[in-house]
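Report on the structure
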Amino acid sequence: MVKGKVEQILITKDEIATRVAELGRKITEDYRGRDLLIVGILKGAIVFYSDLCRSIDLPVKMDFMSVSSYGAGTVSSGIVKINKDLDHSCEGVDVLIVEDIIDSGLTLQYLKEYLISRQVRSLKVCCLLDKPERRKCDLVPDYCGFQIPDAFVVGYGLDYAEYFRNLPDIGILNPDA
Ligand SMILES: O=P(O)(O)OC[C@H]1O[C@H](OP(=O)(O)OP(=O)(O)O)[C@H](O)[C@@H]1O
Ligand code: HPA
C-alpha cells in the first residue's frame, strides 16, 4: 500500500535515531539541575516525542497538547485549534515543546504565545523537521533535527489524512498518490 505513495525516502530510521540521540544529549546538558516539563504536540510528534524523551537523562515530567490546523489537506488553514490542553498548570515551569515539524510556523507561534500567557518560567522548542522556505512568521526552533526542502513529508509520526504515521523512515509523499 505504501509503495508508490511515498516517492522517495528522505531520512532513514537510522539517521533519525542518530540525530535524536544527539538532541537528547544536548537537552540533557542544557537542562541539568532544572525541573523540565516536556510537552508533546499530538498527534504528529508522538513518535519523535517517545524516542526523544528516552534519550534525555533527567527527571522530566511529560504532558501533551493536541492542536490542529491542517485537517485532511497539505496546506495549513492558518487557524489553530486546541483540541486538548495541558493536564497541569505550567506556571513557573521550564517547558520544552516537542513538535514533529515546523512548516508555516503558525502552529508553534500560536502555542508559544499561549504558553507564555500562562506564565511559564522558560519556553523552548525542539522540532524534528524544519522547512524554513515555507515560513509565514518569525519563528526559529531552539533545537532542530533536520532542515528539509519544501515537500510534503510523511512517516515517523507525520501523516497525510491520518495515514503513514507508522512508517519508520521519513519520505516524500507522491503528489499523485
Ligand atoms: O508550521 P505549521 O504550518 O503550523 O505546521 C506544523 C503543524 O502541522 C502538523 O500538525 P497537524 O495540524 O497536521 O496535526 P497532527 O499533528 O495531528 O498531524 C504538525 O504536527 C505541526 O503541528
Ligand atoms: O510536510 C508535512 N507533512 C505532514 N504534516 C505536515 N504539517 C505541516 N507540514 C507537514
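Residues numbered from 1 in each chain as written. Chains lettered and ligands numbered in written order. Predicted model: local features only at pLDDT ≥ 70, side-chain atom pairs only at ≥ 80, totals over all residues.

Selection criterion: UniProt positions are given in the numbering used here, feature names are shortened, and annotations may be inferred rather than shown by experiment.
Going by what an unreviewed UniProt entry lists, the protein is known as Hypoxanthine phosphoribosyltransferase and is assigned to Luoshenia tenuis. Recorded in UniProt for the protein, the comment headed Function (unreviewed entry) runs: "Purine salvage pathway enzyme that catalyzes the transfer of the ribosyl-5-phosphate group from 5-phospho-alpha-D-ribose 1-diphosphate (PRPP) to the N9 position of the 6-oxopurines hypoxanthine and guanine to form the corresponding ribonucleotides IMP (inosine 5'-monophosphate) and GMP (guanosine 5'-monophosphate), with the release of PPi." UniProt lists a comment for the protein under the heading Sequence similarities (unreviewed entry), and it reads "Belongs to the purine/pyrimidine phosphoribosyltransferase family."

1. What about the confidence of the model for the protein?
So the rule is basically this: Every residue gets a pLDDT, meaning the predictor's confidence in that residue, from 0 to 100.
Within the protein, residue pLDDT values average 93, and 95% of them lie at 70 or more. As scored by the predictor, the complex reaches a pTM of 0.95 and an ipTM of 0.97.

2. Considerations on the sheet that holds strand β5 (residues 94-102)
Put simply, the test is: One requirement defines pairing of two strands: DSSP has to find at least two bridges between them. Secondary structure elements are taken from DSSP: a helix is a run of H or I of four residues or more, a strand is a run of E of two residues or more, and numbering for both begins at the N terminus. Axis geometry follows a simple rule: fit a line to the C-alpha atoms, using only the stretch in contact for helices, then measure angles between N-to-C directions, giving values from 0 to 180 degrees.
Spatial ordering of the open sheet is given by β4-β3-β2-β5-β6-β7, a layout of six strands whose pairing is mixed. Of all the strands in the sheet, just β4 (81-84) and β7 (143-147) have a single pairing partner and so form its edges. On average, adjacent strands in this sheet sit at an angle of 25° to one another, irrespective of strand direction. Sheet topology note: the strand β3 (residues 61-68)/β4 ladder contains three bridges and is antiparallel.

3. Points about the sheet that holds strand β9 (residues 170-173)
Strand order across the open sheet formed by three strands is β1-β9-β8, with antiparallel pairing between neighbours. The outermost strands of the open sheet, each flanked by one partner alone, are β1 (6-11) and β8 (153-154). Pairing of β8 with β9, which is carried by two bridges, proceeds in the antiparallel orientation. Looking across to β9, one finds that V153 is bridged to I172.

4. Concerning the pairing of β5
Our working definition: With C-beta atoms placed from the backbone, the exposure class of a residue follows from how many other C-beta atoms lie within 10 Å of its own: 20 or more, buried; 12 or fewer, exposed; in between, partly exposed. Crossovers are marked right-handed if the path from the first strand over the helix to the second runs clockwise, as seen with the strands pointing away from the viewer.
With eight of its nine residues buried, β5 lies for the most part within the structure. In terms of strand pairing, strand β2 (residues 36-42) meets β5 through five bridges, oriented parallel. Across the sheet, the residue bridging to G40 is V98, located in β5. Across eight bridges, the pairing between β5 and strand β6 (residues 122-130) is parallel. Looking at the pairing, L96 lines up with K124 of β6. In this region the chain leaves β5, passes through helix α3 (residues 106-117) and returns to the parallel neighbour β6; the handedness of that crossover is right-handed.

5. What to know about the site of ligand 2
We apply this condition: Any residue whose C-beta atom, as set from the backbone, lies within 6 Å of a molecule or strand is reported as near that molecule or strand. Amino acids outside the nonpolar list (Ala, Val, Leu, Ile, Met, Phe, Trp, Tyr, Cys, Pro) and the charged list (Asp, Glu, Lys, Arg) are all regarded as polar, and Gly is one of them.
Around ligand 2 there are eight residues in total, and I101, D103, F152, V153 and L158 lie nearest to it. Looking at side-chain class alone, the shell around ligand 2 contains six nonpolar, no polar and two charged residues.

6. Here's the deal with the environment of V95
Put simply, the test is: Each residue gets a C-beta atom placed from its backbone, and two residues are in contact if those atoms lie within 7 Å.
Secondary-structure assignment places V95 in strand β5. Under the C-beta neighbour-count criterion, V95 is labelled buried, with 22 such atoms within 10 Å. C-alpha of V95 to C-alpha of I11: the two residues are 84 residues apart in sequence and 28 Å apart in space. Other than its neighbours up to four places away in sequence, V95 contacts L37, V39, C90, L115, V120 and L123.

7. Points about the nonpolar core
As a reminder, the rule being used: Throughout this description, the term nonpolar core refers to a group of buried Ala, Val, Leu, Ile, Met, Phe, Trp, Tyr and Cys residues whose C-beta atoms join them within 7 Å.
Counting residues in each nonpolar core, the largest one holds 38 residues, and the members touching the most others are F48, L96, I97, V98 and C126. If you list the elements that add at least two residues to this core, you get α1 (13-30), β2, α2 (46-54), β5, α3, β6, β8 and β9. At six residues, the largest contribution of residues to this core is made by β5.

8. Observations concerning α3
Selection criterion: In this analysis, the expected span of each helix is defined as 1.5 Å times one less than the number of residues it contains. Directions are taken from the helix axis to each C-beta atom, and the arc is the one they span.
Its 12 residues give α3 an end-to-end C-alpha distance of 17 Å, which sits within 8% of 16 Å, the value for a rise of 1.5 Å per residue. For α3, the full list of buried residues reads T107, L108 and L111. The buried side chains of α3 occupy one side of the element, clustering within an arc of 85° when seen end-on. Residues of α3 that are exposed and point more than 90 degrees away from the buried face comprise E113, I116 and S117. Turning to α3, the residues buried within the fold contact β3, β5 and β6. Residue Q119 follows α3 closely and has a positive phi angle near 60°.

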